[in-house]
Amino acid sequence: MNPTKAELRMVNLETTVVIHSIKHLTWKESQLPPVQEGVKILVVGHDHCLLKERLQYLIAESNSKISERKIEVVTCSNIDEANHHTLDKQVVFVIFLRSVQEKWGEQEFIDRSGLVLYGQGKSFMRRGLNLCSRVDNNRLKISLNLKKMNSAEIEVDKKLLLSNRILSVHN
C-alpha cells in the first residue's frame, strides 16, 4: 500500500516535531547509557510512510543528540518486540505508529524511568503515553502528559510547554 501525499507530508511534519520535542527534554545521567554507546529511538509498527528513514535524515542533518549522545533509530514490528527492546537502557524514546494503535494497552508495556512513549495519532490520547500527535485545524500538534513525564523523571523545558506546537498539556 502506497502512502498518500497527505500522509507523507504529515510524516515529514511529525519527524520535525519529534526532533523539536526531544531538544526540549532532559534525561538524568543515571537513566542513560555511557556517552560512547549512544541512545536509540525505537519505531514500532508497519512503517509504510518511511518515518524511520525521515527521522534518521533529520537527526543527521540537524546533528541532533540526547545529552551529548548520538541517536540511532531502530524499528520493530510489534508491541511485544518493542517491550523486549525497552529493557535496553539505550532505548530512551519509543514511537508507536498508527499501525499498532489497536493493539496498544498501557498495562502491557514496560514503565521505566527515562523512557518516553510517543503515539502517532489521536487514538493514543489519554492512553498512558508521554506524548502523542494529532491533527488540529489542519496542523500537526502534540499533546503532552506532564504527569507521565514526571513519573518517567524527564524534565520538560518550559519553552516546549509554551510552543505553538503543543495542543494540550495533561496533568
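Residues numbered from 1 in each chain as written. Predicted model: local features only at pLDDT ≥ 70, side-chain atom pairs only at ≥ 80, totals over all residues. Heavy atoms only, no water.

Okay, the overall build of the protein next. A count of helices and strands for the protein gives five helices and ten strands. On C-alpha atoms alone, the protein measures out to a radius of gyration of 15 Å, which is about the 16 Å that the 2.2 N^0.38 rule sets for 171 residues. Over its C-alpha atoms, taken along the principal directions, the protein stretches across nearly 40 × 35 × 30 Å. When each of the 171 residues of the protein is scored for burial, the buried share is 50%. Of the roughly 9100 Å² of accessible surface on the protein, a fraction of 48% belongs to carbon and sulfur atoms. Within the protein, one finds 25 positive and 20 negative side-chain charges whose respective centroids are separated by 6 Å. (Helix = DSSP H or I, 4+ residues; strand = E, 2+ residues; numbered from the N terminus. Rg over C-alpha atoms; globule rule 2.2 N^0.38 Å. Buried < 20%, exposed > 50% of the residue type's maximum accessible area, 1.4 Å probe, protein only. Areas by Shrake-Rupley, 256 points an atom, 1.4 Å probe, with all protein chains shown as cover. Lys, Arg positive; Asp, Glu negative; His and termini not counted. Charge placed at Lys NZ, Arg CZ, Asp CG, Glu CD.)

For the rest of this paragraph, the subject is the pattern of salt bridges. Considering all chains together, one arrives at three salt bridges under this definition. For Lys40, the salt bridge identified is with Asp88, shortest N-O distance 3.6 Å. Within this pair, whereas Lys40 is found in strand β2 (residues 39-44), its partner Asp88 is found in the loop between α3 (79-85) and β5 (91-96), the two being separated by 48 residues in sequence. Residue class for Asp88 comes out partly exposed when judged on its relative accessible area of 30%. (Salt bridge = Lys/Arg side-chain N within 4 Å of Asp/Glu carboxyl O.)

Relative to the helices and strands, Arg112 resides in the loop between β5 and β6 (116-119). There is no salt bridge for the buried Arg112, and the closest opposite charge comes from Asp88, which lies 6.6 Å off by N-O distance. Not counting the four nearest positions on each side in its chain, Arg112 is found in contact with Thr86, Asp88, Lys89, Val91, Val92 and Ala152. (Contact = heavy atoms within 4.5 Å.)

By the secondary structure assignment, Leu144 is in strand β8 (residues 139-145). For the pair formed by Leu144 and Leu161, sequence separation is 17 residues and the distance between their alpha carbons is 8.4 Å.

This paragraph deals with helix α1 (residues 5-22). Under the 1.5 Å per step criterion, the end-to-end length of α1 is 26 Å for 18 residues, consistent within 8% with the ideal 26 Å. Buried residues of α1: Met10, Val11, Glu14, Thr15, Val17, Val18, Ile19, Ser21 and Ile22, and no others. (Expected span 1.5 Å × (residues − 1).)

Attention now goes to the nonpolar core. Leu25, Ile41, Leu55, Phe93 and Ile95 are the most contacted members of the largest nonpolar core, which has 35 residues in total. Secondary structure elements with two or more residues in this core: α1, β2, α2 (51-62), β4 (69-76), β5, β6, β8 and α4 (146-151). Of the residues forming this core, the biggest block, six residues, is contributed by α1. When sequence neighbours within four positions are dropped, the list of residues in contact with Leu25 reads Phe93, Val116, Met149, Ile154, Glu155, Val156 and Leu160. (Core = buried A, V, L, I, M, F, W, Y, C linked by side-chain atoms within 4.5 Å.)

On to the pairing of strand β7 (residues 131-136), then. Two elements, β6 and β7, share two bridges in a ladder whose sense is parallel. Across the sheet, residue Tyr118 finds its bridge partner in β7, namely Leu131. Pairing geometry for β7 and β8, over six bridges, is antiparallel. Across the sheet, residue Ser133 finds its bridge partner in β8, namely Ile142. What sits between the antiparallel neighbours β7 and β8 is a turn of two residues, in which Asn137 has the positive phi angle 50 degrees. (Pairing = 2+ DSSP bridges.)

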